[in-house]
Amino acid sequence: MLYQRLCLRHLKHVLKIAIRHHSGSGGKPQVCVIGSGPAGFYTAQQLLKGNPDIHVDIYEKLPVPFGLVRYGVAPDHPEVKNVINTFTQTANKDRCSFIGNVTIGKDISVAELQKFYTAIVLSYGAEDDRKLGIPGEDLPNVISARNFVGWYNGLPEDRNLAVDLDTDTAIVLGHGNVALDVARILLTPVDILAKTDITEYSLEKLRQSRIERVILVGRRGPLQVAFTIKELREMVKLPGTRPVLHTNDYLGLDDIAKDLPRPRKRLTELLYKTALTPTSTDQKIWASATKEWELRFRLSPLEILSSNSSKLSGVRFGVNRLEGSELTTQKAVLTEKTEDIPCGLVLRSIGYRSWQIDPDIPFDERQGVIRNNKGRVDGKTGLYCSGWAGRGPVGVILGTMTDGFEVGKLVLKDIEDGMLQVNTGRDNALQLLQDRGVSVVSFKDWEKIDCVETADGEKNGKPREKIVETDRLINIAKT
Ligand SMILES: Cc1cc2nc3c(=O)[nH]c(=O)nc-3n(C[C@H](O)[C@H](O)[C@H](O)COP(=O)(O)OP(=O)(O)OC[C@H]3O[C@@H](n4cnc5c(N)ncnc54)[C@H](O)[C@@H]3O)c2cc1C
Ligand SMILES: NC(=O)c1ccc[n+]([C@@H]2O[C@H](COP(=O)([O-])OP(=O)(O)OC[C@H]3O[C@@H](n4cnc5c(N)ncnc54)[C@H](OP(=O)(O)O)[C@@H]3O)[C@@H](O)[C@H]2O)c1
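Here the structure is a predicted model, which is why all the values come from computation and not from measurement.

1. As for the site of ligand 1
Thinking step 1. With respect to spatial proximity, 33 residues lie near ligand 1, and among them Ala39, Glu60, Trp388, Gly395 and Ile397 are the closest.
Thinking step 2. Within the backbone of alanine 39, an N or O atom sits 2.9 Å from an oxygen atom of ligand 1.
Thinking step 3. At 3.1 Å, a backbone N or O of lysine 61 approaches a nitrogen atom of ligand 1.
Thinking step 4. Looking at side-chain class alone, the shell around ligand 1 contains 17 nonpolar, twelve polar and four charged residues.

So, in structure tokens, the structure goes:
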């Protein structure tokens, strides 16, 4: 028995040596990361730290780096964007290259990249959104929060979004942090937004906006909201705006809160306090507010309503009851009752979704994620995933960092264990892109764009003025 085990171990060792020999392990491993958001950059950081020989190429479809840190994080949250400094340090390392303006799955395939690189990490995020699948969802001014966020943040493909703010009431569907982001942007005094890196065209439209009421509607109750306390506090303190919280929704929550896990406890206490025991100072401030935001619960959208002229007029909701013994995980069940709420703008904020950028990536269409086991893509040696593309569109940058680090370690271990063929063909990949006429943007090129944007911003008293036309971005990068 012992002899057999020893033989097996020896056989494994010989096999590893054979793989190394076959793949020419004399070369230094080259790893390709797809996507330059937090997942891509943190995975790269771990790879570079863990192996002094490795070279990491970060491919990005846009001519600019940083994913949702640039195009998702709200403009009035500049402190969150400080992670860009760490990403910049990573990108400026000798053994790291940013290769922007290359769409994987279109300009070059995953199968091609596998021939050139030792390992590939898919960190391409979640660039689609969930749909409700209800009548009227395609009416004008029924807009996904994802596109609205892209619009105010200057994502080139969303810059011409047809959003009409000539209405007094907006409904935001969903109770997550993105829902609070979009509600806050609609209600924040424009003079405050004008000091951020929000795009000039959206600032102009927000200046003309007639919206004075934003109703955030969730399908479950106050104990199941997905937003977090910091973001709720910002809403409570939003200048010129009062919260409208219906007392009946919160009665008894003070007692229930005592037994909840700490983050949920503090969140529930803040909801309770705002609804039932606000300070006199808060009450005084709210009395003079001209705008308001309202939280509505236990309502599922059934239909988007329109007038005869096909103009959006409101949303029909089904009234839910909640079922389940565990309070914070109760499920919504539709009753026969309905309620119509009038509005002129609907922002659907029910979550993002990833998609299959290349047919060689095993993809779970139902969940909207790459099929994987803790970062190893199912059935594909040398293929890994990190961040929202593999885990789903949930979690803040910190969680994405942990995931990126873990996947980076996994790749390093597989290289160390001789599990991967050490391909060293990055030059061939770059040559192929050149042959195909793809104009690659390097990190130095991005730094030129960065300089122009910050200089333009300075003129307007903003941290940056984002350039929103892809052609112009590339022109600046290439001159
Ligand atoms: C609106 C919004 C606001 C948020 N605000 C905060 C916040 O304030 N604080 C916080 O901690 N977290 C926030 N988050 C969460 C945070 O943004 C995510 O945790 C994080 O960005 C996920 O990182 P990722 O790298 O997986 O995806 P992403 O950041 O989306 O990066 C993916 C990258 O891949 C690129 N890509 C896509 N397809 C291809 C392709 N075919 N070829 C090449 N490249 C491709 C994309 O262009 C993108 O650059 C927010 C999220 C959203 C949606
Ligand atoms: N400031 C920040 O830190 C910040 C800012 C923005 C985003 N983020 C993070 O980014 C991630 C994504 O945020 P998100 O707001 O897009 O997603 P989210 O947190 O998953 O919230 C989605 C919301 O949509 C609701 N929903 C889903 N399907 C629905 C349906 N069919 N009908 C009605 N409602 C539906 C959910 O309700 P149920 O709970 O009932 O499913 C939930 O309230 C989160 O982890 C978030 O914290 C962070």
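2. Side note on the domain arrangement of the protein chain
How big an interface is tends to be stated in terms of the accessible area lost upon association of its parts.
Thinking step 1. Split by domain assignment, the protein chain resolves into domain 1 (16-127 + 354-441) and domain 2 (132-349).
Thinking step 2. Each of domain 1 and domain 2 has a C-alpha centre, and the two are 35 Å apart.
Thinking step 3. With 13 residues of domain 1 at the contact, the number on the domain 2 side is 17 residues.
Thinking step 4. In total, domain 1 and domain 2 occlude about 1100 Å² of area from one another, counting both sides; carbon and sulfur atoms represent 51% of this.
Thinking step 5. In this structure, the connection of domain 1 to domain 2 is made through three salt bridges.
Thinking step 6. The salt bridge partner of lysine 81 is aspartate 197, with a shortest N-O separation of 3.2 Å.

3. Things to note about the site of ligand 2
Thinking step 1. With respect to spatial proximity, 20 residues lie near ligand 2, and among them His175, Arg219, Arg220, Glu231 and Gly395 are the closest.
Thinking step 2. For ligand 2, an oxygen atom lies 3.0 Å from a polar atom in the backbone of histidine 175.
Thinking step 3. In the environment of ligand 2, an oxygen atom lies 2.7 Å from a nitrogen or oxygen atom belonging to the backbone of glycine 395.
Thinking step 4. Within the complex, the protein chains bury 79% of what would otherwise be the 920 Å² of accessible surface of ligand 2.
Thinking step 5. With three residues, helix H7 (residues 177-187) is the single largest residue contributor to the shell around ligand 2.
Thinking step 6. Its residues assigned to classes, the shell around ligand 2 shows nine nonpolar, seven polar and four charged.
Thinking step 7. Here the shell around ligand 2 spans two domains, since at least three of its residues come from each of domain 1 (16-127 + 354-441) and domain 2 (132-349).

4. Some details on the nonpolar core
Thinking step 1. Ranked by size, the top nonpolar core spans 54 residues in total, and within it Phe148, Leu186, Tyr250, Trp293, Leu295 and Leu345 carry the most contacts.
Thinking step 2. At seven residues, the largest contribution of residues to this core is made by H7.
Thinking step 3. Discounting chain neighbours no more than four positions away, the residues touching leucine 295 are His175, Leu216, Phe227, Val244, Leu245, His246, Asp249, Tyr250 and Leu271.

5. Here's the deal with the side chain of arginine 348
Thinking step 1. By the element assignment, arginine 348 lies in strand E14 (residues 345-348).
Thinking step 2. Within the structure, arginine 348 has its side chain in polar contact with the side chain of aspartate 129 (distance 2.6 Å).
Thinking step 3. Side chain to side chain, arginine 348 and glutamate 137 meet in a polar contact 3.0 Å long.
Thinking step 4. Contacts of arginine 348, omitting those with residues within four sequence positions, involve Asp129, Arg130, Lys131, Leu132, Glu137, Ile143, Ser144, Ala145 and Leu173.

6. Observations concerning the packing of helix H2 (residues 38-50) against helix H4 (residues 83-91)
A pair of packed helices is captured by two measures, namely the crossing angle of their axes and the spacing between those axes.
Thinking step 1. Between H2 and H4, the least distance of the axes is 10 Å, while the angle of their chain directions is 50°. Compared by their axis directions, H2 and H4 come out oblique. For the crossing formed where H2 meets H4, the hand is left-handed. Across the interface between the two elements, Pro38, Phe41, Tyr42, Ala44, Gln45 and Leu48 of H2 pack against Val83, Thr86, Phe87, Thr90 and Ala91 of H4.
Thinking step 2. Taken together, the residues that form the contact of H2 with H4 break down as eight nonpolar, three polar and no charged.

7. What about the packing of helix H6 (residues 145-153) against helix H9 (residues 200-208)?
Thinking step 1. Their axes nearest at 7 Å, the elements H6 and H9 cross at an angle of 110°. As summarised for this structure, H6 and H9 are arranged roughly perpendicular, according to the angle between their axes. Touching Gly150, Trp151 and Tyr152 of H6 are Tyr201, Ser202 and Lys205, all from H9.
Thinking step 2. Of the residues assigned to the contact of H6 with H9, the class counts are three nonpolar, two polar and one charged.

8. As for the packing of aromatic side chains
Thinking step 1. For the structure shown, the criterion picks out 14 aromatic pairs.
Thinking step 2. With centroids separated by 6.4 Å and ring planes inclined at 75°, the aromatic side chains of phenylalanine 66 and phenylalanine 443 adopt a geometry described as edge-to-face. Highlighted residues: phenylalanine 66 in the loop between strand E2 (55-59) and helix H3 (68-71) and phenylalanine 443 in helix H17 (residues 443-459), separated in sequence by 377 residues.
Thinking step 3. Ring plane angle 75° and centroid distance 5.9 Å describe the contact between tyrosine 250 and phenylalanine 297, whose orientation is recorded as edge-to-face. Here the residue tyrosine 250 occupies a position in the loop between strand E9 (241-244) and helix H11 (253-257), and phenylalanine 297 occupies one in the loop between strand E10 (291-296) and strand E11 (299-306), the gap between them amounting to 47 residues.
Thinking step 4. With relative accessibility at 5%, the residue phenylalanine 297 sits in the buried group.
Thinking step 5. Grouped by ring-pair contacts, the aromatic residues Phe41, Tyr42, Phe66, Phe87, Phe98, Phe405, Phe443 and Trp446 constitute a single cluster.

Conventions adopted
Residues numbered from 1 in each chain as written. Chains lettered and ligands numbered in written order. Predicted model: local features only at pLDDT ≥ 70, side-chain atom pairs only at ≥ 80, totals over all residues. Heavy atoms only, no water. Near = heavy atom within 4 Å. Polar contact = N/O pair within 3.5 Å; in protein donor to acceptor, adjacent residues only side chain to side chain. Nonpolar A, V, L, I, M, F, W, Y, C, P; charged D, E, K, R; others polar. Domains from an automatic or database assignment. Contact = heavy atoms within 4.5 Å. Buried area = accessible area lost by both parts, 1.4 Å probe. Salt bridge = Lys/Arg side-chain N within 4 Å of Asp/Glu carboxyl O. Areas by Shrake-Rupley, 256 points an atom, 1.4 Å probe, with all protein chains shown as cover. Helix = DSSP H or I, 4+ residues; strand = E, 2+ residues; numbered from the N terminus. Core = buried A, V, L, I, M, F, W, Y, C linked by side-chain atoms within 4.5 Å. Buried < 20%, exposed > 50% of the residue type's maximum accessible area, 1.4 Å probe, protein only. Axes fitted to C-alpha atoms, helices over the stretch in contact; angles between N-to-C directions. Parallel < 35°, antiparallel > 145°, perpendicular 65-115°, else oblique. Left-handed = near helix turned anticlockwise from the far one by under 90°. Phe/Tyr/Trp six-rings, centres within 6.5 Å; stacked < 30°, edge-to-face > 60°.

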